[in-house]
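Structure assessment
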Amino acid sequence: MIRTIIGVTAAASLAACAASAEDKPKSAASDAAAQRGPGKGKGFDHNPYPSTYRAYPGVPTLLTNVTVLDGEGGRIDNGAVLFRDGKIVEVGQSIAAPEGASVIDGRGKYVTPGVIDVHSHLGDYPSPGVQAHSDGNEITGPVTAEVWAEHSVWPQDPGFSRALTNGGVTTLQILPGSANLFGGRSVTLKNVYARTMQGMKFPGAPYGLKMACGENPKRVYGAKGRMPSTRMGNIAVDRGTWAKAQEYKRRWDRYEDKGGEAPARDLAMDTLRGVLDGEIIIHNHCYRADEMAIVLDMAKEFGYKVGTFHHAVEAYKIADLLKANGTCAAVWADWWGFKMESYDAIGENLAILEREGACGMIHSDDANGIQRLNQEIAKVRASAKRAGFDVPEEIAWKWAAITPAKALGIDKVTGSLKAGKMADVVLWNGNPFSVYTRPEKVWIDGALLYDALDPKRRPVSDFELGQPGEGDVK
C-alpha cells in the first residue's frame with residue numbers, strides 16, 4: 001500500500017513539472033467521479049470482523065411470585081416477568097400466562113436483568129493461567145492502539161461458563177491489559193458458548209479503547225529505560241499521540257469529503273480517529289483523583305470524551321467533576337493497598353458516586369471476582385450503611401445492569417427488564433445480596449443456558465470435555 005502511494009505521488013510530481021495548472025485538460029466526468037471520496041465514514045471498513053452471533057432457541061417463559069429488580073432502579077414485590085422470542089414482553093404485578101408458556105413459580109426468589117461486567121480479561125487471560133494463554137498485554141510499546149482484544153479471545157475459556165453459572169453474567173467487555181498508555185480496542189461479548197469470538201460478539205455494540213494512566217505504564221517502560229518513566233511522561237506521550245491522531249483524522253476527513261488520493265492507513269490511528277469521531281468509547285484505567293482530572297482536561301484539549309474511568313479508587317473525591325463531564329467510574333467494592341495509587345480507597349466509593357448523582361458501576365477485572373459481583377454490590381451497600389446512609393436494593397442493582405450497559409453503549413437493547421429489550425434474565429434462588437444466594441436459572445436472549453436443577457443444562461467448552469472438574473460450578 002505504501003509503495004503504491006509513493007509511486008502515485010512521484011508520477012503526480014512529474015506530471016506537475018511537465019504542465020502548469022492552466023495547461024492541464026479539464027477532467028472528464030468519469031475522472032472526477034473516480035477522484036471523489038467514497039463518502040463520510042466509508043474510506044475503509046470500520047467493522048471487518050462482524051458479529052455472527054445467533055441467539056439459542058428458547059420458549060415463552062413466565063416467572064411468577066418473584067421480587068423483581070428491573071435494573072433501572074425499579075422494584076416489584078411479588079411480581080412477574082414474561083419473555084418470548086428472545087425479548088422481554090411484560091413486567092408487572094400479575095401477568096396472564098400465554099398458551100404454551102413455561103411457567104415458573106419463583107416464590108421467595110429474585111429476578112434481575114443479567115449482570116454486565118465492563119472490565120474483564122476472560123478469553124485473553126483464560127484458564128488454565130499459563131504463559132501460552134497470556135494474550136492480554138502487548139508490552140512492546142506504550143502506544144498499541146492498533147491491537148484488538150478480540151483477536152486474542154479464546155472462546156473455550158472455562159471462565160466464561162463460570163461467570164454465567166456462578167455470577168449470572170450475560171454480557172461482558174473484554175479489555176486489553178493496562179501496561180500501555182494506549183492498550184488497544186476492547187470487544188463486548190454475549191456470554192454464550194460459540195466456536196469463534198465472532199459468534200459471541202455482541203451485535204451492534206460499539207468498540208472501546210483501553211487507555212491507562214499512573215503507575216503501570218511508567219513502571220513497565222521506565223524499567224526498559226524508555227519513555228514514559230514518569231507521570232509527566234505518560235501525559236506527554238498521550239498528548240503527542242492525540243496530536244498525530246487529529247492530523248490523521250483531518251487527512252481522512254478531507255479525502256472522504258473532497259476526494260483525491262486516499263491517505264496511507266495506520267491501524268493505530270484508525271482507532272484513535274474512531275474515538276475522535278465518537279464511534280469508539282474510551283475506557284481509561286486510572287486510580288488517583290488528580291490524574292483523572294488531568295485526563296479530563298486532556299480530553300477537552302483534543303476533542304474526545306472519556307466514557308469510563310476503571311478502578312477509580314479515588315472517584316469519590318471528584319464525584320462533581322465526573323458528573324459535570326458525563327464520565328462514569330467502574331470500581332471495586334474493597335480492593336485497595338496493592339500499590340501506592342490504590343492506597344486511598346474507601347468502601348463507600350461507589351455509594352458516594354450514586355448519592356452525588358455521578359455515574360458509577362461495579363466491575364471485576366478478575367476471573368474469580370466476575371463470579372461474585374452480586375456480593376461485591378452487597379459489600380458496597382454495607383459500607384454505605386456503616387457510613388450512615390442507605391442504598392436500596394433496587395438502586396444498587398443499577399450498578400450491574402443499566403449503568404454498565406450505558407457505559408458500553410448498549411443500553412437501548414439490554415441492561416434492564418423492559419419490554420422490547422433482550423431477555424437476558426437471572427432467577428436467583430434467594431436474595432442476590434446474600435453470600436448464600438446463587439443463580440438458579442440464567443437466560444440469554446430468552447434461551448435457558450443454565451439451570452442449577454438440571455445437570456445437563458450447564459455449558460461446558462470443548463476444552464473442558466474429559467478434564468477433571470468438567471462443568472464444575474463451585
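The preceding data block contains the structure.
Nothing here was measured: the structure is a model prediction, and the numbers come from that model.

So, on to the state of the cysteines. Applying the stated criterion across every chain yields a total of 2 disulfides. Sulfur-sulfur distance for the disulfide between C213 and C286 comes to 2.0 Å. The sign of the 140 degrees torsion about the S-S bond sets the C213-C286 disulfide as right-handed. Separated by 73 residues along the polypeptide, C213 in the loop between strand 9 (208–212) and helix 4 (215–222) and C286 in strand 10 (residues 281–286) bring together distant segments of the chain. As far as the burial class goes, C213 and C286 line up, both buried. When the cysteines engaged in disulfides are numbered in sequence order, the protein chain pairs them as 1-2, 3-4.

Another point: the packing of aromatic side chains. Per the stated rule, a full pass over the model turns up 17 aromatic pairs. Ring centres 5.8 Å apart and planes at 75 degrees place the aromatic pair W332 and F338 in the edge-to-face group. Owing to a relative accessible area of 43%, F338 belongs among the partly exposed residues under this scheme. Following the ring pairs from residue to residue traces out a cluster consisting of F44, Y248, W252 and Y255. A cation over a ring is seen here: R185 above Y207, with NZ or CZ 4.9 Å from the ring centre. The lysine or arginine in question, R355, covers the ring of F389, its NZ or CZ lying 4.6 Å from the ring centre.

Taken in spatial order, the 8 strands make up an open sheet running 6-7-8-9-10-11-12-13, and their pairing is mixed. Each having just a single partner strand, strand 6 (115–120) and strand 13 (359–362) make up the two edges of the open sheet. On average, each strand axis in the sheet is inclined to that of its neighbour by 25 degrees, with strand direction left out of account. Two elements, strand 8 (residues 182–190) and strand 9, share 4 bridges in a ladder whose sense is antiparallel. Of the residues in strand 9, the one forming a bridge with R185 is L209. Where helix 3 (residues 158–167) meets the sheet, it contacts strand 6, strand 7 (169–174) and strand 8, and its direction lies at approximately 140 degrees from that of strand 7.

What counts as what
- Residues numbered from 1 in each chain as written.
- Predicted model: local features only at pLDDT ≥ 70, side-chain atom pairs only at ≥ 80, totals over all residues.
- Heavy atoms only, no water.
- Disulfide = S-S within 2.5 Å.
- Helix = DSSP H or I, 4+ residues; strand = E, 2+ residues; numbered from the N terminus.
- Buried < 20%, exposed > 50% of the residue type's maximum accessible area, 1.4 Å probe, protein only.
- Phe/Tyr/Trp six-rings, centres within 6.5 Å; stacked < 30°, edge-to-face > 60°.
- Lys NZ or Arg CZ within 6 Å of the ring centre and 35° of its normal.
- Pairing = 2+ DSSP bridges.
- Axes fitted to C-alpha atoms, helices over the stretch in contact; angles between N-to-C directions.
- Contact = heavy atoms within 4.5 Å.

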